Structure formats: C-alpha cells, structure tokens
Amino acid sequence: MQTTTRSVIGTIDLDRTFEERDLINSRVLQALGEVSEAWGIQVHRYEVKGIIPPASVRHAMEQQMTAERE
C-alpha cells in the first residue's frame, strides 16, 4: 500500500498534496480494488492521516514560500 500511496501522491502537485487527502484516499482505494480481487479480499476504506515529506522536500517548500513572500 505504501508504494501505491507514493505513486498517487506523485501525480499531485506538491502544494496541493496536503489539501487533497480525499482524492488520495479514493485513488489509493481504487488502485487497491483493482489488485485485491487476486488476493481474495475487498478493501472498503483507506485513509491518509498525515503526510510527512522528506527533509529535502520540506526545505524546498520552505524556500519556495520564502521566495513567494519576497
């Protein structure tokens, strides 16, 4: 599931990632639904509670916010 989550998050602009949890949840749930039949299970719910980007991404975001303010 972690790989699927990363894949879905990778399709969204970084700025919107934190605002689009519902979109991320539904896309991951859809992707899991496509592969879960082979496993003999059905996933009914998936929820992203928190997104913690790597330090390098946080640093880039901070630089972007500083540049936008200036």
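That block above? That's the structure.
A.B. asks: What's the story with the overall build of the protein chain in this structure? I'm lost.
C.D. replies: Across its full length, the protein chain carries four helices and zero strands. Each helix and strand of the protein chain, ordered N terminal to C terminal, gives the series α-α-α-α. Its C-alpha radius of gyration of 15 Å places the protein chain more than 25% over the 11 Å reference for a compact globule of 70 residues. For the protein chain, the spread of C-alpha atoms along the principal axes amounts to about 55 × 20 × 20 Å. Of all 70 residues assigned to the protein chain, the portion counted as buried reaches 19%. Contacts spanning at least 24 positions in sequence make up 42% of the contacts within the protein chain whose residues lie at least 6 apart. Roughly 5600 Å² of accessible area belongs to the protein chain as shown, and the carbon and sulfur atoms make up 50% of that amount. Charged side chains of the protein chain number 8 positive and 11 negative; the gap between the two group centres comes to 6 Å.

A.B. asks: Is there a simple way to think about the environment of Arg21 in this case?
C.D. replies: Along the chain, the position of Arg21 falls in helix 3 (residues 21-39). C-alpha separation for the pair Arg21 and Gly50, spaced 29 residues apart in sequence, amounts to 8.9 Å. Other than its neighbours up to four places away in sequence, Arg21 contacts Val48, Lys49, Gly50 and Ile51.

A.B. asks: Help me understand the nonpolar core in this model?
C.D. replies: Val8, Ile12, Ile24, Val28, Leu32, Tyr46 and Val48 together form the largest nonpolar core, which totals seven residues. With three residues, helix 3 is the largest single contributor of residues to this core. The residues contacting Ile12, other than those within four sequence positions of it, are Thr17, Glu20, Leu23, Ile24 and Arg27.

A.B. asks: Sorry if this is basic, but what is going on with the packing of helix 1 (residues 2-9) against helix 3 here?
C.D. replies: Think of two packed helices as two axes; the pair is described by the angle between the axes and how far apart they sit. One can describe the packing of helix 1 onto helix 3 by two numbers: an axis separation of 9 Å at closest approach and a directional angle of 130 degrees. Relative to helix 3, the element helix 1 lies oblique. The two elements helix 1 and helix 3 meet at a crossing, and its hand is right-handed. The residues of helix 3 that touch helix 1, namely those facing Thr4, Thr5, Val8 and Ile9, are Ile24, Arg27, Val28 and Ala31. A breakdown of the residues in the contact of helix 1 with helix 3 according to their chemical character gives five nonpolar, two polar and one charged.

The rules behind each value
Residues numbered from 1 in each chain as written. Predicted model: local features only at pLDDT ≥ 70, side-chain atom pairs only at ≥ 80, totals over all residues. Heavy atoms only, no water. Helix = DSSP H or I, 4+ residues; strand = E, 2+ residues; numbered from the N terminus. Rg over C-alpha atoms; globule rule 2.2 N^0.38 Å. Buried < 20%, exposed > 50% of the residue type's maximum accessible area, 1.4 Å probe, protein only. Contact = heavy atoms within 4.5 Å. Areas by Shrake-Rupley, 256 points an atom, 1.4 Å probe, with all protein chains shown as cover. Lys, Arg positive; Asp, Glu negative; His and termini not counted. Charge placed at Lys NZ, Arg CZ, Asp CG, Glu CD. Core = buried A, V, L, I, M, F, W, Y, C linked by side-chain atoms within 4.5 Å. Axes fitted to C-alpha atoms, helices over the stretch in contact; angles between N-to-C directions. Parallel < 35°, antiparallel > 145°, perpendicular 65-115°, else oblique. Left-handed = near helix turned anticlockwise from the far one by under 90°. Nonpolar A, V, L, I, M, F, W, Y, C, P; charged D, E, K, R; others polar.

What is shown is where atoms sit, not what they do.
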